[in-house]
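An overview of the molecular structure
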Amino acid sequence: MVKLILGSTLVDDSFVTVESLEQAANLPDVIVPLTVFVAHKAQWLARSGKLGVWLAAGDDAEVLAEDLEHLSVVAIDFPSFTDGRGYSTARLLREKYHYRGQVRAVGDVFRDVMFYLARCGFNAFVVRASDTPENALLGLNTFSESYQSGVDKPAPLYRRRLA
Amino acid sequence: MYQYDEIDQRIVDERVAQFRSQTQRFLTGELSEDDFRPLRLQNGLYIQRHAPMLRVAIPYGVLSSRQLHMLAHIARTYDRGLGHFTTRQNIQYNWPPLERVPDILADLATVQMHAIQTSGNCVRNTTTDHFAGVAADELIDPRVYCELIRQWSTFHPEFAYLPRKFKIAVNGAVADRAATWVHDIGLHVCTDDAGHLGFRVIVGGGLGRTPIIGTVIREFLPVQHVLTYLDAILRIYNRHGRRDNKHKARIKILVKSLTPERFQQEVEEEWARLKDGPATVVPEELARIEARMIRPQYAALPAQSAVLKEALERDIPFKRWHERNVHAHKVAGYASVVLSLKPTGTPPGDASAVQMDAVADLADQYGFGEIRVSHEQNLILPDIAQDDLPALYLALKELGFATPNIGLLTNIIACPGGDYCSLANARSIPVAQAIQERFNDLDELYEIGELDLNISGCMNACGHHHVGHIGILGVDKHGQEFYQITIGGSQAPARIGRVIGPSVSQEEVPDVMEQLIDVYLEQRNGGHERFVDVVERVGLEPFRARIYDEPHLEVANG
Ligand code: SF4
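All of the points below concern the structure found in this document. Computed from a prediction, not measured in an experiment: that's the story for all the values here.

1. Focus on the packing of aromatic side chains
- Here the structure, examined in full by the defined rule, presents 22 aromatic pairs over all chains.
- The interplanar angle of 20° and the centroid separation of 6.1 Å between the aromatic rings of Phe19(B) and Phe36(B) together place this pair among those described as stacked. With Phe19(B) in helix H1 (residues 6-27) and Phe36(B) in helix H2 (residues 33-41), the pair connects residues that are 17 residues apart, well separated along the chain.
- Judged by its relative accessible area of 1%, Phe36(B) falls in the buried class.
- An aromatic cluster is defined as three or more aromatic residues linked by ring pairs; in this entry it consists of Phe78(A), Phe81(A), Tyr87(A), Phe110(A), Phe122(A) and Tyr161(B).
- Above the plane of the ring of Phe110(A) lies Arg128(A), whose end atom (NZ or CZ) is 3.9 Å from the centre.
- When the ring centre of Trp95(B) is taken as reference, the NZ or CZ atom of Arg80(B) above it lies at 3.6 Å.

In structure tokens:
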């Protein structure tokens, strides 16, 4: 099983990414690409087992707004870590649609981007093959303080300084 | 200038540790070249033609004497004893060994400095008026807001990997000395009918390949909303800016393709949700930043200095220097002094370690220990008692920083160009030097009067050639260095210069400059009509005709 960083611990990932209902037939927990989900929404939602949707970097989270309560995972892909669209997508999921489930970073995910990802509301990370989850975990503690408002700490430093 | 507290210091120290780890992992092969490149760029580290280049941030162009001494120390210890001040109020070192860069950053951190986000596709150093705090027409000191924005942008988790670099300028005065119309975002202070302070928000200006004057998307943004509004703009840009073509990735292209109206609407919708949220600025924070700004303790001086008056009557070269390089100050008896880093024969903006140390000492001796870096790549001693001007003049002359050419043709802005920069099509520095040599006669320079001459070595326009009264752009023609000439550009009001004709070779540039000046002198209506005004009035044709219709010049095709 693939190792997943959940919060700040390593766990076995119960989810498998599939491309079709057939592939998902004997699996409990699956993640499906947005287009596949949208095409057969009713069937996917009728399945037993947990469901996640996979968003490409350019996908708009708004498409999922109505379905979020049924989703255990929203996975956001980083085709390259320099494509930063997923950071905004995660913040919108958390702050605009108030999604409370797992927001998972997949793709080009490694130690040096972990801190930013966590601040934008990602709470699960599938680390790329050329890094290790153990190493990536170190990235979560790069900085002990941050100036801006984030999903992790909505109050920016200047409000916390007052408290 | 803003003094760090314990948290500001800790964040910078943690950055040093992070970059040390990244550099080590790169050197051991754990991080690939492709991974390391964006990471090092976010620390201002380029791999250049000859060696790495490190760009150190000088937030909004303000330095203490202690910091300038440190910049000298770095030039001496890790470089070849030189630093290059840039048009974005930063400093660059051209020869630091890669493996020593973490040590450089550690040294910088001891004086509250860093290289954070001086490059890369993130929010860069916020720039402002280099006369902030001393200009008479100021409504607010923009540096308080620059510091607020510096903190907001530092490691902003959502906007570290934007489609392209992102530059914000803040102007706090009536006159725009921060070029707010040619930045990704320009914030220009204003007041509403009730006298509340706010900003006019200008978006999508910029130079580079596609020079565009920005558009106002909000006439009045109350100051407390500045960060939520920036968040909204950046979010729209981060999500929708083009990422498939780096030449179309700046926000100006997005604003243009959506139309400014549509862009504004999207921003306002996004902002409606963020407005009054946790990122709304609290007045206590503005007060806290203000309290951490070290302000000069001015003495009560007579408005007219007898010492100065006497020197102006007696000493012609001093008078000349005073006329060009000394600016009025809002406090009676004081003046701001511009140190020209443009003497003939040295690359524009260069200063040696010895010179930096000397300037820092002068700032302590005659000022309040503060130095500014100007957009024109000069240094400024902002708070000098008028009584001290004659003595300071002599000291600056000794240093080679008293060339009385501020605002004149030889105060050339030039990017590092082909001598240092791997992106260059052509060299900038030798061209600047050839022009300075050609116009070495001070009387002639004064006769020509105010003229901004800007040189960039390629389309990236680091030398801001589009907004020069005369702009020179290096172009590559069949592997040879050529130069395209524009005239009629201006920084304030922002205007983009127009191309006069086919590009010319390096040897021809000084001749072309002379011809442009000849036409100007023939055409102008009296000494007060500037070069740029004449271009505005008579158009390109007389200039073009002189250069291209006469047989002496051989030009390449188109
Ligand atoms: S304008 Fe071009 S040549 Fe000059 S510094 Fe910028 S990128 Fe380099």
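Picking up where we left off.
2. Re the sheet that holds strand E2 (residues 9-12) of chain A
All names here are of chain A.
- Spatial strand order, E2-E1-E8-E7-E6-E5-E4-E3: eight strands in an open sheet with mixed pairing. Across the chains shown, the open sheet's two edge strands, defined by having one partner strand only, are E2 and strand E3 (15-17).
- Bridge count for strand E6 (residues 73-78) against strand E7 (residues 102-107) is six bridges, and the pairing is parallel. Each bridged residue has a counterpart across the sheet, and for Asp-77 the counterpart in E7 is Val-106.
- Sheet strands touched by helix H4 (residues 85-96): strand E5 (51-55), E6 and E7. Its angle to E6, the strand with the most contacts, is close to 160°.

3. Some remarks on H2(B)
- Taken together, the buried positions of H2(B) are occupied by Asp35(B), Phe36(B), Pro38(B), Leu39(B), Arg40(B) and Leu41(B).
- Lining the buried residues of H2(B) we find H1 and strand E1 (45-47) of chain B.

4. Remarks on the interface of chain B and chain A
- Counting from both sides, the interface comprises 46 residues of chain B and, opposite them, 36 residues of chain A.
- Counting each side, the surface lost to burial between chain B and chain A is near 3700 Å², with a carbon and sulfur contribution of 56%.
- Among the residues chain B hides against chain A, the three largest losses belong to Pro157(B), Tyr161(B) and Arg239(B). Together they make up 20% of the total.
- Linking chain B with chain A are eight salt bridges.
- In this structure, the salt-bridge partner of Arg239(B) is Asp60(A), at a minimum N-O distance of 3.0 Å.
- Put simply, chain B and chain A have 22 residue pairs in polar contact (both at pLDDT 80 or more) between them.
- Elements that contribute at least two residues to the side of chain B that touches chain A include exactly H1, H2, helix H5 (142-153), helix H6 (226-240), helix H8 (260-274) and helix H9 (283-292) of chain B.

Criteria and thresholds
Residues numbered from 1 in each chain as written. Chains lettered and ligands numbered in written order. Predicted model: local features only at pLDDT ≥ 70, side-chain atom pairs only at ≥ 80, totals over all residues. Heavy atoms only, no water. Phe/Tyr/Trp six-rings, centres within 6.5 Å; stacked < 30°, edge-to-face > 60°. Helix = DSSP H or I, 4+ residues; strand = E, 2+ residues; numbered from the N terminus. Buried < 20%, exposed > 50% of the residue type's maximum accessible area, 1.4 Å probe, protein only. Lys NZ or Arg CZ within 6 Å of the ring centre and 35° of its normal. Pairing = 2+ DSSP bridges. Contact = heavy atoms within 4.5 Å. Axes fitted to C-alpha atoms, helices over the stretch in contact; angles between N-to-C directions. Buried area = accessible area lost by both parts, 1.4 Å probe. Salt bridge = Lys/Arg side-chain N within 4 Å of Asp/Glu carboxyl O. Polar contact = N/O pair within 3.5 Å; in protein donor to acceptor, adjacent residues only side chain to side chain.

Geometric descriptors of this kind do not, in isolation, establish any biological role.
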